[in-house]
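Descriptive analysis of the structure
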Amino acid sequence: MVIEVRLYASLRQYRPSTANSISDNSYVTVDVPDGISLGELLDELEMDVDEVKRVLVNGMNSDFERVLSDGDLVAMYPGV
């Protein structure tokens with residue numbers, strides 16, 4: 001399944017080199033396995049969970065247990 005991931009500020013360093021860029025280096029599309037959770041997505045992107053302070057899925061606050069669906073838009077923000 002394909003999801004769109006938006007990485008903000010310092011999290012942009014985790015942008016996958018194999019990801020398709022949509023418009024700039026903060027937006028990527030990622031092909032992930034069906035039934036993947038947000039926490040598993042962080043593992044796929046080799047991100048440190050402690051660096052991610054806020055996650056939105058389709059504009060709604062979400063926790064790392066949330067299971068993603070095809071076409072979801074995930075936005076990740078670091079702490080300030």
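All of the points below concern the structure found in this document. (Residues numbered from 1 in each chain as written. Predicted model: local features only at pLDDT ≥ 70, side-chain atom pairs only at ≥ 80, totals over all residues. Heavy atoms only, no water.)

1. Side note on the environment of P33
Looking at where P33 falls in the secondary structure, it is placed in the loop between β3 (27–31) and α1 (38–44). Given a relative accessible area of 45%, P33 falls into the partly exposed group. Between the C-alpha atom of P33 and that of M1, which follows or precedes it by 32 residues, the distance is 6.1 Å. (Helix = DSSP H or I, 4+ residues; strand = E, 2+ residues; numbered from the N terminus. Buried < 20%, exposed > 50% of the residue type's maximum accessible area, 1.4 Å probe, protein only.)

2. A word on the pairing of β3
Where burial is concerned, the two faces of β3 differ: the one with V28 and V30 is buried and the one with Y27, T29 and D31 is not. Two strands pair when backbone bridges link them, and strand β1 (residues 2–7) and β3 are joined in this way by 5 bridges, in the antiparallel orientation. Pairing of E4 across the sheet is with T29, part of β3. (Pairing = 2+ DSSP bridges.)

3. Re the pattern of salt bridges
Inspection of the entire model under this criterion finds 1 salt bridge. Put simply, E4 and R6 hold a salt bridge, and the shortest N to O gap is 2.9 Å. (Salt bridge = Lys/Arg side-chain N within 4 Å of Asp/Glu carboxyl O.)

4. Details of the nonpolar core
In this structure, I3, V5, L41, M47, L68, V74 and M76 are the most contacted members of the largest nonpolar core, which totals 21 residues. Mapped by element, the contributors of at least two residues to this core are β1, β3, α1, β4 (52–57) and β6 (73–78). In contact with L41, not counting residues within four places along its chain, are I3, V5, V32, I36, L68, V74 and M76. (Core = buried A, V, L, I, M, F, W, Y, C linked by side-chain atoms within 4.5 Å. Contact = heavy atoms within 4.5 Å.)

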